[in-house]
Amino acid sequence: MSGPMNRLAPAVVLMIDRLVWSLPVLWLVATMTFVLMHLAPGGPFDKDKTLPPEITANIEAKYHLDEPVARQYARYLGQLVRGDLGPSYKYADRDVGEIIAEAFPVSIQLGAAAFALTVLLGVGGGMLAAWRPGSWIDRGALLSATLGFSLPSFVVGVLLILVLAHQAHWFPPALWEGPRYIVLPALTLALGPAAYVARLTRASLIDVAAQEYVRVGRAKGLPPGVIWLSYLLKAGLPPVVTILGPMLAVLVTGSFVVEYLFSIPGMGRFFITAVTNRDYPLIMGVTLVYAVVIVAANLIVDLLYGWLDPRMRVGSERGR
Amino acid sequence: MGTGGKHHRLALISGVVLGVIGLAAAAAPWLAPYPFDAQDPGRLLQSPGVDHWLGTDRLGRDLLSRLIYGARVSMTLGVSSAVIATLLGIAYGLASGYLGGRTDNLLMRLLDVIYALPDLLLIILLTIVLGRGLTGMIAALSLVSWVTVARLVRGEVLRLKSADYLDAARALGAGHLRIVLVHLLPMMLGPLLVTLSFRIPAAILAESTLSFVGIGLAPPTPSWGGMANDGWAALRFYPHVIIVPSVAIAVTILTFNILGDYLNDRLNPRRASIAGRESSA
Amino acid sequence: MLPRMHETVRRAGWRGVLGLLVFCVSGAVAAAPPPAVLRLSIASEPPTLDWSLATDNVSITVIENLMEGLTAFDDQLRPMPAVASRWDVSPDGLTYTFHLRDDVRWTDGRPVTARDFEYGWKRLLNPATGAEYAYFLYDLVNAYEYNSGRLTDASQVGVTAVDDTTLRVQLKKPIVYFPSITAFVVTFPQRRDLIERYGRRWTDPGRLVTNGPFTLADWRHEYKVVLRANPAYAWGRPSIDEVRMYVINDRSTALTLYETGDLDLVPLPPEAIPFYERSPEFVRVPILRGYYYGFNVTTPPFDDPRVRQAFALAIDKSEFPALLKGGELPTNSWIPAGMFAYNPAVGLAYDPAAARARLAEAGYPAGRGFPAVTAAYNTDPVNTVIAENLQAQWKRTLGVAIAIDNQEWKVYLKRLQTQPPPLYRLGWGADYPDPDNFMALFTSQSGNNHSRWSNAGYDALIARAASTGDPAQRQRLYDDAQRILTEQDVPIIPLFVASQNYLIKPSLHGLRLNAMELLTLKEVSIR
């Protein structure tokens, strides 16, 4: 077989395997959420004012809540197959699909901005720290990384709002009206992941620097720039790159705290209100979309890993 | 991480800090100057002062007392969910790794389903069903975080299974149970301890995050995240109400993580310090 | 800390730095704003803009500014002509005939006709619509039967468009406050052609056709609703061009946005009131929202009216405003100030001696032998403050120790419906500003009467008052009913009526804030 085929074939096999497997995963996620939501106590239509029973009956009939559970499940799966996530209980005039179609791009924008910051701060900080291991820069970077890793995002967000919005008035404390409004939320979202990436980058670079061939290169008197570019980064960054896929998924799916803090109309904010309102179809819809994002991200990582690291191409444990 | 002394000292300090928090949690009823839910309508939103060292919240509740009881809640929640998760994970991982073959494949693929959802999301879904009390929250946290432990244990089993001394044990007629308990489990104590030490802060972080957005522990349980949520509404004029619990959460998680790193370096020399933890967000 | 405004100059410098982050941001980059824009915050996303389905304050506030109904309230909350220029009532009080103006148009140019009203009302009552507020029209002939599925023929429901400008309404019983109901959003006209064409999505921006002062320009869910002035508004185009309503659940955030100049009007959270009370931008409006404690009158010790009277007499309600600081108005009577038939002379005022005497009569001198009871409320800081205060007052005046207990709202509500606690907290906000809305709450057949108290005399008075046209006589009927409710049987203790507190930019003029908690924006101008 020719070279490219050799490279491609296992990747294709892997991709087909993952694609085929992702369907039952999504089905199980859908079923699991359906079961959980039907076990949940309390209904979405419990209101402040008691309704006449006839009116409650009308509402239940409208949403098919009067049908047997098996039938509701069949209806739900049937809708899913057609790509229909059903009507929302709380937002009377919209479908879950429409809500998500409107909110998801916002979360993606926020996640992408945070991702850029994560790469910038994480990889940059990690490289800075690995430049001279044990130096004060390294120790400072490590300490801030541990700190960044330990601070809950809401604490970071509140601090940023207090200092940069309330006191300095540099950035608005909320809303989503343009570039000026994306800075604080993106920074809040990025800090934890950036700390993680920084630690990983540093560890990976130091690991490579200790390898025989790098030491040989140094001994041969190659300039530091060449060592960095052709040895350290080339061998040290692939593990970092593979973590970035799941990281992007984490940023896109994990933004609900930030969206809550900054009044941003993303999916996470809808998810929180859906939970408080017991809007079960919306909860199920958001869950499913998150699952698709993560399954897709893992698929991409698997492929990327296979491409970056020939040893990992087939059959070994999945990179997580 | 850094070499020798500094790291050691940092871990020591963290241990002491955690010891103090743990002690405060255990002795909460004796230590707290007020009951955690005692309201003083005459002293709402007071700044730190003589009567109330850390001030009061908008119901006039003593923040120091709530902080101490909150430590109790966080510690209980973190430790018990981590322990339960570890036990569940050990059982599942051992079964999967030891039985191997098709069973292993099936069990691991089932884990993929859980992995297909963000941890926090899954916890939220579970608490909708299990309720937002302390037990419901512990159960939800355990049911989510055992997955990581299961994978770790299975990996260790696969690594150890082929070892010569296991063959020797088998040849000597040791039963499966004996092999697992005597030969497998003790070999993975180190990595397990490291995982455990990272599960605790992860659980505390998850709970406080959920409570902060108002879908975590239901009041009146004094939770640090819930306290921060109370403070969020008053941020503009009474920032101390949110700063007090935030600092507590940050310090607790930070010290646990430093300690975890330390344990990882000592007990898990094979892995880089980063590998002991999963990305949590 | 005083409000800081207009920091735009300093912020502008950051635009350069932010260029880095622009790569994926949609939305306007601070384009030059249109001349007159009003920016305000709403506490939540409007769950719907379909006025057959709207039940919450936010949706109703938005719809009120988009639509006109048959009638509309004036400043005193009296129903005045709107789309209907006048109306006649038949001598038996059972038939209302509304005569519509012929110059009111929908935003697509079509005239608003009586048929649009008939369609809207029948759609509200159609069981397939699943409208919660269908019961608003239950007093129409056959309305209940149609809504509950006992009758499938909608043409038998008592609302008919006689011609384009005449709407005839037939009632089951005489209702004198019916023109107040026709001012409520669920009775606004609807366009059959558009609803049938677009289905559930007829309220989308670009599709929604309205007849009020503003049109729906944009609706970003969970984020903002944008209204634009309707140039063809029959009563004259509003002076502001655009209204932006941002969804901000957190009032502290809203306040900061007000201070940074990003909002022109915000509701003020209670804890911030002391910082602004003396500001010229501070405005306080009493609202029609009563706060009360109810008794479960079926179980001892509260099955004895003397005990209930003692508990009512023992409360010094003047302590509440000092505790809550939100402009609460203590009240002994139930019909709130600002509503017809309000009578401050009715009800049991604070009288510790009488309270102790009444409790002794009931067999508990100085509280001795009083059984252990629990007062329940739903989790909320205001409720806690009140519950603790009442606990202390009852202890102090009556020598009675009451336990208090709180639950999350939905759990609490379930409990009220299935097994009401001996003492419970509740509130009631007006659906329409007529005393009937407040008083019918405690009739025997009311689903919201959790006290399980039932008094045939009271029920009869409320029914008679609903069909009594003469104001003086109607006032007397409500006074009698209020005496039964708050002096004689005392199934509830009214405590106070709430206020809403706002900060409003001084450049804003003509804003009408009424006791129904609705913002009427059509007369606003910015100078």
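Here the structure is a predicted model, which means the values were calculated and not measured.

1. Here we look at the overall build of chain B
A count of helical and extended segments in chain B gives 11 helices and zero strands. If you list the helices and strands of chain B from N to C, you get α-α-α-α-α-α-α-α-α-α-α. In terms of principal-axis extent, the alpha carbons of chain B reach across some 75 × 45 × 30 Å. When each of the 281 residues of chain B is scored for burial, the buried share is 57%. Within chain B, contacts between residues separated by at least 24 positions form 69% of all contacts whose residues are at least 6 apart in sequence. Entry remark: accessible area of chain B is about 11100 Å², with carbon and sulfur atoms responsible for 68%.

2. Let's talk about the overall build of chain A
Tallying secondary structure elements over chain A gives 12 helices and zero strands in all. Residue burial in chain A is summarised as follows: out of 320 residues, 55% are buried. Long-range contacts, defined here as pairs at least 24 residues apart, represent 73% of the contacts in chain A between residues at least 6 apart. A total of about 13200 Å² of accessible surface is found on chain A, and carbon and sulfur atoms cover 70% of it.

3. Observations regarding the pairing of strand β5 (residues 95-100) of chain C
The buried count for β5(C) comes to six of six residues, which makes it a mostly enclosed element. With antiparallel pairing between neighbouring strands as the criterion, strand β4 (residues 84-89) of chain C and β5(C) make up a hairpin whose turn holds five residues, including G93(C) at a positive phi of roughly 75°.

4. Description of the packing of aromatic side chains
Residues and elements named next belong to chain C. The final tally for this structure, using the stated rule, is 42 aromatic pairs over all chains. Ring geometry for F295 versus F302: centroids 4.8 Å apart, planes at 45°, classification tilted. The two residues F295 and F302 agree in class, both being buried. Linked through ring pairs, Y293, F295, F302, F311, Y364, F370 and W394 together constitute an aromatic cluster.

5. Let's talk about the packing of helix α6 (residues 134-161) of chain B against helix α9 (residues 189-212) of chain B
Residues and elements named next belong to chain B. Running from N to C, α6 and α9 point in directions that differ by 150°, and their axes come no closer than 10 Å. Taken together, the axes of α6 and α9 lie roughly antiparallel to each other. As α6 packs across α9, the resulting crossing turns out to be right-handed. Here α6 contributes M137, L141, S145, T148, V149, L152, V153 and E156 to the contact with α9, which in turn contributes P191, L192, T195, R199, A203, A206 and E207. Here the residues of the contact of α6 with α9 are counted per class, giving nine nonpolar, three polar and three charged.

6. Side note on the interface of chain C and chain A
Taken residue by residue, the interface counts 66 residues in chain C and 52 residues in chain A. Carbon and sulfur atoms make up 53% of the area that chain C and chain A hide from each other, which totals about 5600 Å². Taken together, the connections running from chain C to chain A amount to four salt bridges. R201(C) serves as the salt-bridge partner of E98(A), at 2.1 Å between the closest nitrogen and oxygen. Scanning the region where chain C abuts chain A turns up 11 residue pairs in polar contact (both at pLDDT 80 or more). Looking at the side of chain C that touches chain A, the elements with two or more residues in it are α1 (8-12), α2 (15-18), α5 (143-147), β8 (214-220), β10 (242-247), α8 (251-259), α14 (409-418) and β16 (423-429) of chain C. A breakdown of the residues in the side of chain C that touches chain A according to their chemical character gives 29 nonpolar, 18 polar and 19 charged.

7. Notes on the interface of chain B and chain C
Often, the extent of an interface is quoted as the loss of accessible area upon association of its parts. Counting from both sides, the interface comprises 15 residues of chain B and, opposite them, 19 residues of chain C. Summing the contributions of chain B and of chain C, the shared interface buries around 1600 Å²; its carbon and sulfur component is 58%. Counting across the interface, chain B meets chain C through zero salt bridges. The tally of links between chain B and chain C comes to zero residue pairs in polar contact (both at pLDDT 80 or more). Grouping the constituent residues of the side of chain B that touches chain C by class yields 11 nonpolar, one polar and three charged.

8. Let's talk about the sheet that holds β4(C)
Strand pairing in a sheet relies on backbone hydrogen bonds. The paired strands run either parallel or antiparallel. Residue and element names in this part refer to chain C. Pairing in this open sheet of four strands is antiparallel, and the strands run β4-β5-β7-β6 from one edge to the other. Two strands close off the open sheet at either side, each with one partner strand: β4 and β6 (159-163). Across the sheet, the mean angle separating the axes of adjacent strands is 20° when strand polarity is ignored. Bridge analysis of β4 against β5 gives five bridges, and the strand direction is antiparallel. Each bridged residue has a counterpart across the sheet, and for D88 the counterpart in β5 is T97. Contacting β5, β6 and β7 (166-170), helix α4 (residues 114-125) crosses the sheet at an angle of about 165° to β6.

9. A few points about the nonpolar core
Counting residues in hydrophobic clusters, the biggest one holds 306 residues, and the most contacted among them are F178(C) and F311(C). Here this core gets 13 residues from one element, more than from any other, and that element is helix α12 (residues 280-308) of chain A. If we ignore the near neighbours within four places in the chain, the residues touching F178(C) are Y96(C), F98(C), W121(C), L137(C), L140(C), V169(C) and L171(C). With 17 residues, the next largest nonpolar core counts Y98(B), V153(B), V157(B) and M188(B) among its residues.

10. Points about the confidence of the model for chain B
Residues and elements named next belong to chain B. Per-residue pLDDT for chain B averages 84, and the proportion of residues at 70 or more is 92%. Here helix α7 (residues 164-171) stands out as the element of chain B with the lowest mean pLDDT, 76, in contrast to helix α3 (residues 63-99), whose mean of 93 is the highest. Within the model, pLDDT remains below 50 along residues 272-281, and this stretch shows 26 contacts once partners closer than five positions in the same chain are excluded.

11. Some points on the pattern of salt bridges
Proximity of charged atoms lets side chains of opposite charge pair with each other. Residue and element names in this part refer to chain C. Using the criterion set out here, one finds 40 salt bridges over all chains in the structure. The closest approach of N and O atoms between D116 and R110, which form a salt bridge, is 3.7 Å. A residue is classified by how much of its surface remains accessible, and D116, at 5% relative accessible area, is buried. A residue is classified by how much of its surface remains accessible, and R110, at 35% relative accessible area, is partly exposed. D405 serves as the salt-bridge partner of R415, at 3.4 Å between the closest nitrogen and oxygen. With R415 in helix α14 and D405 in strand β15 (residues 402-407), the pair connects residues that are 10 residues apart, well separated along the chain.

12. Comments concerning unusual backbone geometry
Most peptide bonds adopt trans geometry, and most residues besides glycine take a negative phi value. Residues and elements named next belong to chain C. Look at the link from P300 to P301: it is a cis peptide, with omega at 0°. By secondary structure assignment, the location of P301 is in the loop between β12 (282-295) and α10 (305-313). The phi dihedral of N142 falls on the positive side, at around 65°, and the residue is not glycine. Its place among the elements puts N142 in the loop between α4 and α5. Located in the positive-phi region is A366, a residue other than glycine, with phi close to 55°. Note that A366 resides in the loop between α12 (352-361) and β14 (373-378). In this structure A366 comes out as exposed when scored by relative accessible area, which is 53%.

Cut-offs and rules
Residues numbered from 1 in each chain as written. Chains lettered and ligands numbered in written order. Predicted model: local features only at pLDDT ≥ 70, side-chain atom pairs only at ≥ 80, totals over all residues. Heavy atoms only, no water. Helix = DSSP H or I, 4+ residues; strand = E, 2+ residues; numbered from the N terminus. Buried < 20%, exposed > 50% of the residue type's maximum accessible area, 1.4 Å probe, protein only. Contact = heavy atoms within 4.5 Å. Areas by Shrake-Rupley, 256 points an atom, 1.4 Å probe, with all protein chains shown as cover. Pairing = 2+ DSSP bridges. Phe/Tyr/Trp six-rings, centres within 6.5 Å; stacked < 30°, edge-to-face > 60°. Axes fitted to C-alpha atoms, helices over the stretch in contact; angles between N-to-C directions. Parallel < 35°, antiparallel > 145°, perpendicular 65-115°, else oblique. Left-handed = near helix turned anticlockwise from the far one by under 90°. Nonpolar A, V, L, I, M, F, W, Y, C, P; charged D, E, K, R; others polar. Buried area = accessible area lost by both parts, 1.4 Å probe. Salt bridge = Lys/Arg side-chain N within 4 Å of Asp/Glu carboxyl O. Polar contact = N/O pair within 3.5 Å; in protein donor to acceptor, adjacent residues only side chain to side chain. Core = buried A, V, L, I, M, F, W, Y, C linked by side-chain atoms within 4.5 Å. pLDDT = per-residue confidence, 0-100.

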